[in-house]
Protein chains: 2
Amino acid sequence: MESIKIGLLGFGTVGKGTYDVLKRNQEEIKRRAGRGIEVTRIAVRDVAKARGGLGDTGASIPVDTDGAALVDDPAVDIVVETIGGTGIARELVLRAIRNGKHVVTANKALLAVHGGEIFEAASQRGVMVAFEAAVAGGVPIIKALREGLTANRIGWIAGIINGTTNFILSSMRDRGVDFATALADAQRLGYAEADPTFDIEGVDAAHKVTIMSAIAFGVPVQFDRAHVEGISKLDSIDIRYAEELGYRIKLLGIARRAQKGIELRVHPTLIPSKRLIANVEGAMNAIVVQGDAVGSTLYYGKGAGAEPTASAVVADLVDVTRLHTADPNNRVPHLAFQPDRLSDTPILPIDEITSSYYLRLRVADVTGVLANITRILADRDISIDALLQKESEDVSVDGRSETDIVLVTHETIEKNMNAAIVQIEALDTVKGAVTKLRMESMN
Amino acid sequence: MESIKIGLLGFGTVGKGTYDVLKRNQEEIKRRAGRGIEVTRIAVRDVAKARGGLGDTGASIPVDTDGAALVDDPAVDIVVETIGGTGIARELVLRAIRNGKHVVTANKALLAVHGGEIFEAASQRGVMVAFEAAVAGGVPIIKALREGLTANRIGWIAGIINGTTNFILSSMRDRGVDFATALADAQRLGYAEADPTFDIEGVDAAHKVTIMSAIAFGVPVQFDRAHVEGISKLDSIDIRYAEELGYRIKLLGIARRAQKGIELRVHPTLIPSKRLIANVEGAMNAIVVQGDAVGSTLYYGKGAGAEPTASAVVADLVDVTRLHTADPNNRVPHLAFQPDRLSDTPILPIDEITSSYYLRLRVADVTGVLANITRILADRDISIDALLQKESEDVSVDGRSETDIVLVTHETIEKNMNAAIVQIEALDTVKGAVTKLRMESMN
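Residues numbered from 1 in each chain as written. Chains lettered and ligands numbered in written order. Predicted model: local features only at pLDDT ≥ 70, side-chain atom pairs only at ≥ 80, totals over all residues. Heavy atoms only, no water.

- An unreviewed UniProt entry lists chain A under the name Homoserine dehydrogenase, with Pararobbsia alpina as the source organism.
- Checking UniProt for chain A, the heading Sequence similarities (unreviewed entry) contains the comment "Belongs to the homoserine dehydrogenase family." (UniProt positions renumbered as here; feature names shortened; annotations may be inferred.)

Here it is in structure tokens:
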């Protein structure tokens, strides 16, 4: 059978990785797919650079700067979008769909923000949009969630889905350095970009967990409803105190089915150190999915990089190659649920989520201070699970010594905790703002 | 659309679990599959017991003892085989296939031993045989290997794929008890069967890794070529010494692409303690898959139990529901590779595998003993990576004191190591047999 023809938009890390993997493993892939898969056209900004990356073996592949011509080319069967961003990528993806072409993309921002529009257009036109590479690189988490766990009512998903921040958190813990130092190191080693905002402020993780929430719960992708907190304000002292209490701090993307709606949030989170996911170090990714039948399952691997991402892109290409001639009813719905069976369960505002909390307070080292704090919490039905009072390490302000108190609470609604914190901060004996971090038992 | 009709063979743990999950999550599953999935007929040995398990809500489902009539019933679309074993299960599965029915099974023994015959018959008849539940319960490892990692040339797979033995090994380590005690505890707690042979001797794990090897490397299922060693002879002192050296002992199922063929083996294995998989405790399962593009990925979850297994069976049912009307060319091949593109790469005999080794020797506590041993190893190009000499703990035989020496070697071919061990055991100063365990760096 003739090879299926791929048009590649972009030839950066992911684009070149995809080309390289398809080339190197072409025989193996053909033995599986039953058909060759071949890059036959490329559109890029920098033609000369792409030519260099293609080398002699790819010298016959046409490369130009005209993305529109590529998605209009009747000889292209599947368009692989590796441009990134939500501008030209969105236009070309929608145009490819209108042309009846199947699309494979690694673009989480595009899908988290414009997924509704894109999947709707694809369903109308009867084409596939595949995006395994958009979450956790080469880890086949989209397929696991969408197909492997399809029997389950999913309870929650919690994942380390941004390698940059996990690398930074790992080095803050291992080497006891502060955030700025760890970030600079990550940049030097190529784990963080020159402008690291999207990673360190949690935006990238929020894109990914938004996509997963839609697949898990059968709701539309709603990035604008996600609560997004990064790690740039994280103090290394909290990493140390968490450790003393038996926890690790990870930037988690969390999607949970709660009673009144769905929680969708990204923030630094304390996890018991003994959990497998707490031990995921460096730039690695891992996602825990809890389903009512299967219990907790975990998926781990490289979340970024040329070839891990290409692994996911090519897996999608094989899926599309198999099913592009099939009745669309035989295909798995883009977001796991039939498009006419989505749920309007709301995404809860962050005030309405339920969590247990880690609180760190700087207090005057005088008697009665703890009693006042615990009374405020007790009045709001917030019970304390653990307490750590640090010896006043010669900290003294205006001649009075001060000390750190760390509290771990049981679960409560966030707005209740926030109200308690306002009261606590109003106490004379409490100095400055209370540091609040959320916790997950991952049970 | 009308519901798809399931005939259930057997109503034990897996059969009842499947029924329960389909019933409880019927709405959720229908929202995904686009179609209801319903158990409409059951064949069991003990009708009264099944009736009890079905309760009032399932009172209208016909139950009898006639498996043949079920697989012949034109009203049944998919047969779910949960009988187990290779006798009647094989007959009924083959008969169902001949009748043009799709089959879902959790039966690893059947597929590891008779997979060739069954998949051949299914391909001829154009029906699907799905078996996600056969390996690692609810963890969607078959789908990950077969579809999610399809871009990769797989290097190796290594997995904790038997919960009973992992539970026993965990308690031997945690509580310092010997194998017999840990086994008795596991039996008391329901983690081991009254006759635990299949689990503790590694047969169950070998069935599972045999199936995975076929999917990973595109070779036929060849259970008879697997090297199978269990944990019943494992001495708890080796667990302790391994710990001191920074390793955990796990029963691994390993399939590796080597230069001259494929390694297919199950045996207790030392793994560096810091690896994620080394920290998989209790009855949990985890599999690491290494692919050339994706690197190492890990999949973790419950490997047994009614609902975790049912989770996998129902996922298969949804897959089959989607694709049963499709052109067989649109389906994923049973064993990932097109049946006419299998490879005849041989499974290597255990003598030909490459591994690093842990050796424990009891030696006379006299000078020169170590020199003799290391010379034998050096002569065979086996280099030593670590050495542990235990103080002679008042061990004395015939008035002479003895001591344990533990060696960790670099990689060599097994037959070379075995020959060295024969020489070492012939030394006067070495008392009794050398204990040999294989190691995996899991890199």
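1. Considerations on the packing of helix 6 (residues 108–125) of chain B against helix 11 (residues 203–217) of chain B
When two helices pack together, their arrangement is given by the angle between the helix axes and the distance between those axes.
Residues and elements named next belong to chain B.
Now for step 1: It is at 9 Å that the axes of helix 6 and helix 11 come closest, and there the two elements cross at 55°. Of the possible angle classes, the one that applies to helix 6 and helix 11 is oblique. Crossing hand, helix 6 versus helix 11: left-handed. Mapping the contact onto sequence places Lys-108, Ala-109, Leu-111, Ala-112 and Val-113 in helix 6 and Asp-204, His-207, Lys-208, Thr-210 and Ile-211 in helix 11.
Now for step 2: Residue composition of the contact of helix 6 with helix 11, grouped by class: five nonpolar, two polar and three charged. (Axes fitted to C-alpha atoms, helices over the stretch in contact; angles between N-to-C directions. Helix = DSSP H or I, 4+ residues; strand = E, 2+ residues; numbered from the N terminus. Parallel < 35°, antiparallel > 145°, perpendicular 65-115°, else oblique. Left-handed = near helix turned anticlockwise from the far one by under 90°. Contact = heavy atoms within 4.5 Å. Nonpolar A, V, L, I, M, F, W, Y, C, P; charged D, E, K, R; others polar.)

2. Notes on the interface of chain A and chain B
Now for step 1: Taken residue by residue, the interface counts 65 residues in chain A and 64 residues in chain B.
Now for step 2: Buried area between chain A and chain B, both sides added, is near 5,200 Å², and the carbon and sulfur share of it is 51%.
Now for step 3: Where chain A touches chain B, the interface holds ten salt bridges.
Now for step 4: Two residues, Glu28(A) and Arg257(B), come together in a salt bridge whose shortest N-O distance is 3.2 Å.
Now for step 5: Counting across the interface, chain A meets chain B through 32 residue pairs in polar contact (both at pLDDT 80 or more).
Now for step 6: Among the secondary structure elements, those contributing two or more residues to the side of chain A that touches chain B are helix 1 (13–24), helix 2 (26–33), helix 7 (141–148), helix 11 (203–217), strand 12 (295–302) and helix 13 (306–323) of chain A.
Now for step 7: Sorting elements by how many residues they give to the side of chain A that touches chain B places helix 13 of chain A first, with nine residues. (Buried area = accessible area lost by both parts, 1.4 Å probe. Salt bridge = Lys/Arg side-chain N within 4 Å of Asp/Glu carboxyl O. Polar contact = N/O pair within 3.5 Å; in protein donor to acceptor, adjacent residues only side chain to side chain.)

3. Structural notes on the sheet that holds strand 3 (residues 63–64) of chain B
Two orientations exist for strands paired in a sheet by backbone hydrogen bonds: parallel and antiparallel.
All names here are of chain B.
Now for step 1: Taken in spatial order, the six strands of this open sheet run 3-2-1-4-5-6, and their pairing is parallel. In this open sheet, the two edge strands, each paired with only one partner strand, are strand 3 and strand 6 (129–130).
Now for step 2: Here strand 5 (residues 102–105) pairs with strand 6 via two bridges, running parallel. Within strand 6, the residue paired with Val-103 across the bridge is Val-129. (Pairing = 2+ DSSP bridges.)

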